[in-house]
Amino acid sequence: MIVARTIAKAFKAIEKAEGAGAKVRRSVGTSQLKSFSPFLMLDHFSVGSEAGFPDHPHRGQETITYLLHGSIDHEDFAGHKGTIHPGDLQFMTAGRGIMHAEMPGKNNDGSPNVGLQLWVDLPKHLKFCEPRYRDLAAKEIPTVTTDAERVFIKIISGTSHGVDSVRDLAYTPVWILDVTMKPGARLEQLLPKGWNAFAYTLKGNAAFGANGEKRVGEFYNVVFEKEGDGIVVTTDDNAEGDAQFIIIAGQPLDQPVIQYGPFVLNTEEQVYQAMLDYQTHSNGFERAKHWKSEIGKRMTGR
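Reference entry: report on the structure contained in this document. (Residues numbered from 1 in each chain as written. Predicted model: local features only at pLDDT ≥ 70, side-chain atom pairs only at ≥ 80, totals over all residues. Heavy atoms only, no water.)

Helices and strands together make up the secondary structure of the protein, namely two helices and 26 strands. In terms of overall dimensions, the protein is globule-like: its C-alpha atoms have a radius of gyration of 19 Å, near the 19 Å expected for 302 residues. In terms of principal-axis extent, the alpha carbons of the protein reach across some 60 × 45 × 35 Å. The buried share of the protein, reckoned over its 302 residues, is 53%. Looking at the protein alone, contacts between residues at least 24 apart form 73% of all its contacts between residues at least 6 apart. Element-wise, carbon and sulfur atoms account for 49% of the exposed surface of the protein, whose accessible area totals about 13600 Å². In the protein, which carries 33 positive and 37 negative side-chain charges, the distance between the mean positions of the two groups comes to 3 Å. (Helix = DSSP H or I, 4+ residues; strand = E, 2+ residues; numbered from the N terminus. Rg over C-alpha atoms; globule rule 2.2 N^0.38 Å. Buried < 20%, exposed > 50% of the residue type's maximum accessible area, 1.4 Å probe, protein only. Contact = heavy atoms within 4.5 Å. Areas by Shrake-Rupley, 256 points an atom, 1.4 Å probe, with all protein chains shown as cover. Lys, Arg positive; Asp, Glu negative; His and termini not counted. Charge placed at Lys NZ, Arg CZ, Asp CG, Glu CD.)

Right, dumping it as structure tokens:
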């Protein structure tokens, strides 16, 4: 038995418009959960083929995109381009500066493209590192089952029940586990001591806490206190279907966070400089001067 972390709070993420025609449920980066280092934002997005996120800049953070349905194309001013599909991930380090576009594919059934995008802060000594991308295909993600195969876990990053993800795909240490639980199941998941952690529910109903004290449905963010060995989750014997949720944990960074849109730095002066650098195409944004993505033309038409 583990010493289970208690629940600090739980709240439902409300769907809102974002970008150019997209819909998101934001559960990190709002008044409900503003400062939760190293996490800056978590969006559960739904975007049709006529919408998207055309050319835009970043500096000072990493983004992790986990696709659940459909496809997403990406392209940046350094020549990186590609497509992720269901179960795939893309890890992007903005560092000193990147300009890119993220555009949805067109599904034959007309359904929207759905996924999660997590923004992770970079430690101050890496704020101005060179930008980079890493893709992780669904087939590369190790899995484990427990509780008589009633619990299935995709270990995107981190460790679960003796199985390690092997890869460290972000500069800031982060664990990401995709968990599916059948009715009548129990999960005891260890987490690194002192790390901030939360769970975001995608479907079904689950009870979080040593005694199942917090029962939630889909689209809830369950935030845990730091004290304890890990978390305990259970599902009812008579549940109508499976429960699915994402466990995310990260090492807190002891540094100030000053954010202005896509720029995340440690001082106001650095944010002003980021805006100036972007406007003048300098100090990391030189390649933005004459660059326009091909995939962004789907929306702009030019």
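Where charged atoms from two side chains of opposite charge approach closely, those side chains can pair. This model, assessed by the stated rule, comprises twelve salt bridges. Across the pair Asp229 and Lys193 runs a salt bridge, and its minimum N-O distance is 2.8 Å. Here Lys193 lies in the loop between strand 18 (186-190) and strand 19 (196-203) and Asp229 lies in the loop between strand 22 (220-224) and strand 23 (230-234), a separation of 36 residues in the sequence. Exposure remark for Asp229: the relative accessible area of 24% places this residue in the partly exposed category. Via salt bridges that share partners, Glu18, Arg26 and Asp43 belong to a single interconnected network. (Salt bridge = Lys/Arg side-chain N within 4 Å of Asp/Glu carboxyl O.)

Note the cis peptide between Ser37 and Pro38, where omega equals 10°. Turning to its location among the elements, Pro38 is positioned in the loop between strand 3 (22-28) and strand 4 (39-47). Of note, His161 is a non-glycine position whose phi angle comes to about 50°, a positive value.

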